[in-house]
Amino acid sequence: MSGSTADESLATNPRIDVLGDTNILSLIFDNLVPDPQGTEANERSDRRALLNVAQTCTTFMEPALDALWKILPSLLPLLLLLPSFNLVDDVYMLGGFADGDWERFDVHARRVRNIYMKPLRSPISPEVYLLIQRMRDFAVLPALQELCIPDNSSLPLSSAFLLPREHLKTLELNNSAICTPQFIYQFIPFISDISPTLTHLVLRGTASISLDFIPRFTRLRSLEIQLSGTYLYPQTMEELGNLEDLVNLILDVGPVTPTLAPIRNRRQRTSSQPSAAVPSRKFYQLRHLRIIGTPMTMSRVFDHMELRSLETIIIDEKEDVSGSSTENFWIRCFERLSSSHLVSSIEINQTNQRRWGHDHYSLSMPWMSPLFGRLRNVERFVVKGASLSGSDGDFHDLSIAFPLLKTLITPPLQHSHGLTLASLSYLTQQCPELKELQICFGPDITKNITALKETKVPFRHEHTLQKLSIASRFGNLNVTQMAEIAQFLQRAFPNLKVVEGYGDYRDSESWSQILELCVIFQNVRFGLPDERDT
């Protein structure tokens, strides 16, 4: 009986179950896969650890080797498995082949899923790649799914033609590849023919290139185009909008005026006729959008978009040297967004230091009124880098419009004297799920205190907000003023644990003193002794 019991215990031992499951072991060893963007020392350490694991036992060997070879910086580790691949005068060369030379190469090549290119200490002769291409009539890396070419002029770009095949899902090309004409204008047609099922495409650089090839990737789900020198023609926008599977888009809208495209692409564009057979979808299916540009260039691109399915948007406004007002752009932008009823996150980042209006603002809350009238699912509303104009009434409208709000961040520059601490009463009563709040108020402390006295917050009101960040130019507050603010905050947000300044007012000592007063008022409210007295 004891032997039988031992056998049953052994059979149901969870540790043995885990060690005998290759899928679980693969998940464990994947945590040791080197970060391709990490340091060289960390990469060596991770690879050494995986190699040690692979040599531990036969059960670990295959899943550990899969993890070891999953991400490579180049073809070099595989080529070093070939007996005739050697370093000659500081250049890697490939000699003749014998039967069986490729066996070890092929075994491990099938494990490679990601190539994140890095420079080589010693270059590989281009003839090596040509020789392999002539000798191999099948994919060198048959299971490759991701290819990334970072911005580095020392990368062996010619090796890229050996890598992609029909299983490639992600391609990232950065500036050094984009700005190398002899590479980019051969590689792009090649990749669009060999990997038509690509789902993720990233293009970053400063050159002007034709984007006519992108519609060939009909299964694209994620697209990033940050090509500051490439003009987005209306035809290009129409073609991008018709990509039926596209749900994520990052788009730098490029220069204001058309750039001179390569001759072959100019001829194609002028000779082609617009097709009336394919109706424009105008990005109907897009869920996540980040758009980068000046108001003038972004306005041109927004005209080609009807964002019916949009859930999140980030708008990065770049500096506009024209000196024109941005009011019309922002009003049109918010009107267009107001039709996107599924939007849950809006973020606006302004790098522009221009100021408009008598209060010198660059963004005004009244311009956002179309959003307040139609959107009801917004959980995150963030404005950074701007000088915001707004009043208590504007924040009253915002709090009523966005009852699901969890994050509200405004810039630490408040160029309207209309917003006071009293606006917090709207947020605490209308936005019960608010978790993160950064807000800026006008500098007139007397006006703020007067507004607080005229504001009512239910005495038994509860709100879960624990951290409040405030930017203000109140200056040094006296004890009475701090007590007035603390009493209001304790009623509005009774669970506050942190009250602090942010922006240029991060180091204000008044807020820590106000928080201490909040604790005192809270203890009085519940009839509890102050912790400092216990």
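Residues numbered from 1 in each chain as written. Predicted model: local features only at pLDDT ≥ 70, side-chain atom pairs only at ≥ 80, totals over all residues. Heavy atoms only, no water.

## Some words on the overall build of the protein
Argument step 1. In terms of helices and strands, the protein carries 20 helices and 19 strands.
Argument step 2. Surface accessibility of the protein: about 26,100 Å² in total, with carbon and sulfur atoms responsible for 52%. (Helix = DSSP H or I, 4+ residues; strand = E, 2+ residues; numbered from the N terminus. Areas by Shrake-Rupley, 256 points an atom, 1.4 Å probe, with all protein chains shown as cover.)

## Regarding the packing of helix H13 (residues 295-302) against helix H14 (residues 327-337)
Argument step 1. Following both chains from N to C, one finds H13 and H14 inclined at 30 degrees, their axes separated by 10 Å at the closest point. The orientation of H13 with respect to H14, classified from their angle, is roughly parallel. Of the two elements, H13 crosses H14, and the hand of that crossing is left-handed. Contacts from Pro-295, Met-298, Ser-299 and Phe-302 in H13 reach Phe-329, Arg-332, Cys-333 and Arg-336 in H14. (Axes fitted to C-alpha atoms, helices over the stretch in contact; angles between N-to-C directions. Parallel < 35°, antiparallel > 145°, perpendicular 65-115°, else oblique. Left-handed = near helix turned anticlockwise from the far one by under 90°. Contact = heavy atoms within 4.5 Å.)

## Regarding unusual backbone geometry
Argument step 1. Phi angles above zero are rare outside glycine, and Asp-89 is one such case at about 50 degrees.
Argument step 2. Topologically, Asp-89 is positioned in the loop between strand E2 (85-88) and strand E3 (91-94).
Argument step 3. A relative accessible area of 73% means that Asp-89 is categorised as exposed.
Argument step 4. At Phe-283, a position not held by glycine, the phi torsion is positive, near 65 degrees. (Buried < 20%, exposed > 50% of the residue type's maximum accessible area, 1.4 Å probe, protein only.)

## Concerning the pairing of strand E17 (residues 436-440)
Argument step 1. Two strands pair when backbone bridges link them, and strand E16 (residues 407-409) and E17 are joined in this way by 3 bridges, in the parallel orientation. Directly across from Leu-408, in E17, lies its bridge partner Leu-437. (Pairing = 2+ DSSP bridges.)

## Regarding the nonpolar core
Argument step 1. The biggest cluster of nonpolar side chains holds 144 residues, and the ones touching the most others in it are Ile-214, Phe-381 and Leu-424.
Argument step 2. Ranked by residue count, the leading element in this core is helix H19 (residues 479-492), at 6 residues.
Argument step 3. Beyond its immediate stretch of four places on either side in the chain, Phe-381 contacts Ile-346, Met-368, Leu-371, Leu-398, Phe-402, Leu-405, Thr-407, Leu-408 and Ile-409. (Core = buried A, V, L, I, M, F, W, Y, C linked by side-chain atoms within 4.5 Å.)

## Considering the pattern of salt bridges
Argument step 1. Counted by the stated rule, this structure contains 18 salt bridges.
Argument step 2. The residue Arg-121 makes a salt bridge to Glu-40 at a minimum N-O spacing of 2.6 Å. In this pair, Arg-121 sits in the loop between strand E4 (114-116) and helix H8 (126-135) while Glu-40 sits in helix H4 (residues 40-54), placing the two residues 81 residues apart along the sequence.
Argument step 3. A relative accessible area of 73% places Arg-121 in the exposed class.
Argument step 4. Note that Arg-332 and Asp-303 form a salt bridge whose closest N and O atoms lie 2.7 Å from each other. With Arg-332 in helix H14 and Asp-303 in the loop between H13 and strand E11 (312-317), this residue pair connects regions lying 29 residues apart in the sequence.
Argument step 5. Judged by relative accessible area, Arg-332 falls into the partly exposed class, the value being 41%. (Salt bridge = Lys/Arg side-chain N within 4 Å of Asp/Glu carboxyl O.)

## Description of the packing of aromatic side chains
Argument step 1. Scanning all chains against the criterion turns up 16 aromatic pairs.
Argument step 2. With a centroid separation of 5.0 Å and an interplanar angle of 75 degrees, the aromatic rings of Trp-102 and Phe-105 are classed as edge-to-face.
Argument step 3. Measuring from centroid to centroid gives 5.5 Å for Phe-161 and Phe-187, while their planes differ by 85 degrees, and the two rings are edge-to-face. Here Phe-161, found in the loop between strand E5 (146-149) and strand E6 (170-173), pairs with Phe-187, found in helix H10 (residues 181-194); they are 26 residues apart in sequence, far enough to count as distant. Here the two residues Phe-161 and Phe-187 agree in accessibility, since each one is buried.
Argument step 4. Positioned above the aromatic ring of Tyr-284, the side-chain terminus of Arg-308 is 3.9 Å from the ring centre. (Phe/Tyr/Trp six-rings, centres within 6.5 Å; stacked < 30°, edge-to-face > 60°. Lys NZ or Arg CZ within 6 Å of the ring centre and 35° of its normal.)

## Here we look at the confidence of the model for the protein
Caution is warranted with low-pLDDT regions, since their predicted coordinates should not be read in detail.
Argument step 1. Residues at a pLDDT of 70 or more form 87% of the protein, whose mean pLDDT is 85.
Argument step 2. Low pLDDT, under 50, characterises residues 262-278; the stretch is placed with 15 contacts to residues that sit more than four places away or in other chains.
Argument step 3. Low pLDDT, under 50, characterises residues 530-534; the predicted model gives this stretch 6 contacts beyond four residues in sequence or across chains. (pLDDT = per-residue confidence, 0-100.)

## Description of the environment of Lys-447
Argument step 1. Structurally, Lys-447 is set in helix H18 (residues 445-453).
Argument step 2. Between the C-alpha atoms of Lys-447 and Gly-418, which are 29 residues apart in sequence, the distance is 9.2 Å.

## Details of the pairing of strand E14 (residues 380-384)
Argument step 1. In the sheet, strand E12 (residues 345-350) pairs with E14 via 5 bridges, with the strands oriented parallel. Paired with Ile-346 across the two strands is Phe-381, which belongs to E14.
Argument step 2. Two strands pair when backbone bridges link them, and E14 and E16 are joined in this way by 3 bridges, in the parallel orientation. By the bridge assignment for E16, Val-382 is matched with Ile-409.

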